[in-house]
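Descriptive analysis of the structure
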Protein chains: 2
Amino acid sequence: MEDTEPFVVIGGDAAGMSAASKSKREEPEREVIVFEKGDWVSYAACGMPYYIKGEVESLDDLVSITAEEFREERDIDLRTRHEVIEIRPEENQVVVEDRDAGDTFEQTYGDLLIATGATAVEPPIDGIGLNGVFTLHSMDDADEIDDYVSRDGVESFGIVGGGYVGMEMSEALRSRGLDVDVFEALPHVLQPFGEDAAEVVEDHVREKGVDLHLETSVERMTGDGSVTGIEADSEEYELDGVLVGVGVKPNVGIADEAGIEIGETGAIATDEYGRTNYENVYAAGDCAEATNSVTRDTDHVPLALTANRHGRAVGQTVAGSPTEVGEIVGTAVVKVFDLEVARTGIVDHETAEDAGFDPVSRTITAESRAGYYPGAEPIRVRLTADSETERLLGATMVSEDTAAKRIDTVATALHAGMTVSEVESLDLSYAPPFSPVWDATLTAAKVLSSTL
Amino acid sequence: MEDTEPFVVIGGDAAGMSAASKSKREEPEREVIVFEKGDWVSYAACGMPYYIKGEVESLDDLVSITAEEFREERDIDLRTRHEVIEIRPEENQVVVEDRDAGDTFEQTYGDLLIATGATAVEPPIDGIGLNGVFTLHSMDDADEIDDYVSRDGVESFGIVGGGYVGMEMSEALRSRGLDVDVFEALPHVLQPFGEDAAEVVEDHVREKGVDLHLETSVERMTGDGSVTGIEADSEEYELDGVLVGVGVKPNVGIADEAGIEIGETGAIATDEYGRTNYENVYAAGDCAEATNSVTRDTDHVPLALTANRHGRAVGQTVAGSPTEVGEIVGTAVVKVFDLEVARTGIVDHETAEDAGFDPVSRTITAESRAGYYPGAEPIRVRLTADSETERLLGATMVSEDTAAKRIDTVATALHAGMTVSEVESLDLSYAPPFSPVWDATLTAAKVLSSTL
């Protein structure tokens, strides 16, 4: 009976549309309905800073498949501007609000996927509602920031938060010719990358003309109607606009109200198939937890690949081929001006100790190419291992040349549970234009291994 | 008693000097003697094409550590222009010719490392001895070619062989403004990379103005005293110079004469510690075999990382800490004009079948970065797997953007013995400047996995 009822998806971005597409491809006869509360579907949110920077011409370029294509080519019943306001898991129903018609209706499902994503956190700071104060999470946000930055008289921006968005937007706004002040309450930017990588980034952004205020809490946004500045640690900064980028939180409201289990991370708890505590209700993407292969614990890392992969697996499962969503190791990269900054696994000792390891780390600086070859740049690699089992736990890398894709070697080694000396023995590629004879990863493993 | 006798090394390049340095560091009191028949030690042969191209100013830039430094800072008794002409393993002796003094002497050893390297093959073609016909294997070769190319009237070069040296030197000589004809007897260039990658390379070098003659055998070099052309498949080509690059053969003469076992590949057979059939005689580098982790068979892949690594391990072993030399997976990369060409593992079906596999391959073309991000280039990835066990066997990659370091992910997966679906599940890095959401490796694994 379930199979004759439609597969219903809440949320039309990466996880939702991947699931819808995959299930339709595997089981074309089954109806697939996607409710998306906004106008945009399946867009590359990670590309928005490059739109504002001016490297991507149109927001439409960030859309990989349009709503029309989903409807007509993939035969998915995609309804934009439709918000699911209630889930009734005992009745296999959702309640949907049609935002244009202004009415609500019930929709029965055979299987349900919650792919409600995450929302930019808006901290309770005075003045956050002023004109000229933005977050960057939706395509509409990107459009509004781009418009605002283009206005006459907008010559400076404050950025609250030195995370991914803060660092990427520093680059974008400097490129647009603005003065940029970044305020970070913690001692370092890019918290998930650890202090060692962060220090390299901090020097770099300062060289690029960013005023970086670390360990500095923003107390209020000043202004009357429109923002005119920031007050932080009792100092006043005159600013023409403010971007708040202090992280995201998973959208779990309707799930929580429906009695769907929320995990310790604050995201929806799921099993290895992406299933919640209801057998026919799944969750995937930025609203859901994942299993970290290094810590063997649940984790919440709201990134695009995981959303796509988990969504696709759920689509396959509901179409009748149970497919595990897979595990993550927490790989992430970010471009900050000319730097490639990369991480994978566990990079801080506290997390490692919490997971039962006895961590030891070593940092090396090598060259990205043969030292005599043009374009060779320093690459800083920090590896962390468990001193008892000698198993590799994580890495960070920073360089102006090919750090981003080098982290994948370590990510693969983490999935395989390799020891440091196994990593040291890897037959990695060498030619003078691409690497020294000993790739930086091997050199780092050699140094760490000799201390174990 | 052995330990009081010196550690003697034959050959002062990567494997030899790595072994000498490591053993001296671990056991400073033991005498280490290196006999090198030429003048140069520890140089980056792979950098020579870039010297000829003009990107590396001086040959000295290719020397990582000078002979003086080895002698004075590392306390190694390094004797250049000393050739070992005989090994007497039963007597723990070598016979050495001092090329300057013109006399010979005997040297007793406790442990011996044969690191005699390889030599460029000189095929028995008429006219190979003419002036203006070169191979590129030693620093003196590089110097002579550079001089010759600088002469007035040298406007064209023929290259015999479309392997690594042939492709790298095509780029170097075109950059110097020469007309270049490449003659390859096989149907494709870069034989170890397989037909699929080769075809991309062939189109590319032709676009760069190289005249490529495939399935064309060179019959003779013409000229009287100095070369004036090549005759190939009964056609004549007027050329001002010729480079012969048809591969290398391991230098095993004195080892073979001494009763040291030569393996099926033609290189010296060794165990997991780099030991030959004599307990205190080791071989490492381009003259020695290695174990291929994918085929589980002996292999001969004369590349720099293996030479360095095996030499270092032997140095550690003779200093009293037995250390395995490690296994290879056959990772190799080469830059050909703007292309990065990479391989690892088994890429041709015949080799896979010989190793007992039932190979299946799929090729995809993806983008190197998010499609909307500036600088995105096509990347072609071909993966090969065993259809029975679904284990990944090998890969090739070709792109103008970051193929070289992407191959390391697959190399790591091969070391770990991963299946295609395990590769498909890897948590690889994504940010628009560096990769699409699904890295090309993941997309290729997805496509191959769906056919298994």
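Residues numbered from 1 in each chain as written. Chains lettered and ligands numbered in written order. Predicted model: local features only at pLDDT ≥ 70, side-chain atom pairs only at ≥ 80, totals over all residues. Heavy atoms only, no water.

1. What about the sheet that holds strand β12 (residues 211-213) of chain A?
Residues and elements named next belong to chain A. Reading across from one edge, β9-β16-β10-β11-β12 is the order of the 5 strands in this open sheet, with parallel pairing throughout. Every other strand in the sheet has two partners, leaving β9 (133-134) and β12 as the edge strands with one partner each. Pairing geometry for strand β11 (residues 179-183) and β12, over 3 bridges, is parallel. Among the inter-strand pairings, aspartate 181 is bridged to a residue of β12, identified as aspartate 211. (Pairing = 2+ DSSP bridges. Helix = DSSP H or I, 4+ residues; strand = E, 2+ residues; numbered from the N terminus.)

2. Concerning the pattern of salt bridges
According to the stated counting rule, one finds 50 salt bridges over all chains in the structure shown. Close ionic contact of A:Lys405 with B:Asp439 constitutes a salt bridge, the shortest N to O distance being 2.7 Å. With A:Lys405 in the loop between β25 (392-399) and α10 (407-415) and B:Asp439 in the loop between α11 (420-424) and α12 (440-451), the pair connects residues from two separate chains. Among the residues examined, A:Lys405 registers a relative accessible area of 3% and is labelled buried. For B:Asp439, a relative accessible area of 1% gives the class buried. We note a salt bridge from B:Arg79 to B:Asp77, for which the minimum N-O separation is 2.9 Å. Residue class for B:Arg79 comes out partly exposed when judged on its relative accessible area of 22%. Here B:Asp77 falls in the partly exposed class, since its relative accessible area comes to 27%. Among the charged side chains, a network of salt bridges with common partners joins A:Lys53, A:Glu55, A:Glu171 and A:Lys335. (Salt bridge = Lys/Arg side-chain N within 4 Å of Asp/Glu carboxyl O. Buried < 20%, exposed > 50% of the residue type's maximum accessible area, 1.4 Å probe, protein only.)

3. Points about the interface of chain A and chain B
Each partner contributes residues to the interface: chain A has 55 residues there, and chain B has 55 residues. Across the chain A/chain B interface, buried area totals approximately 4,900 Å², and carbon plus sulfur atoms make up 66% of it. Taken together, the connections running from chain A to chain B amount to 4 salt bridges. Ionic pairing is found between B:Glu424 and A:Arg312, a salt bridge with its closest N-O pair at 3.4 Å. Summed over the shared surface of chain A and chain B, the result is 28 residue pairs in polar contact (both at pLDDT 80 or more). Elements supplying a minimum of two residues to the side of chain A that touches chain B: α8 (304-318), β21 (332-336), α10 and α12 (440-451) of chain A. Per-element tally for the side of chain A that touches chain B: the top contributor is α10(A), with 7 residues. Here the side of chain A that touches chain B is built from residues that sort into 30 nonpolar, 11 polar and 14 charged. (Contact = heavy atoms within 4.5 Å. Buried area = accessible area lost by both parts, 1.4 Å probe. Polar contact = N/O pair within 3.5 Å; in protein donor to acceptor, adjacent residues only side chain to side chain. Nonpolar A, V, L, I, M, F, W, Y, C, P; charged D, E, K, R; others polar.)

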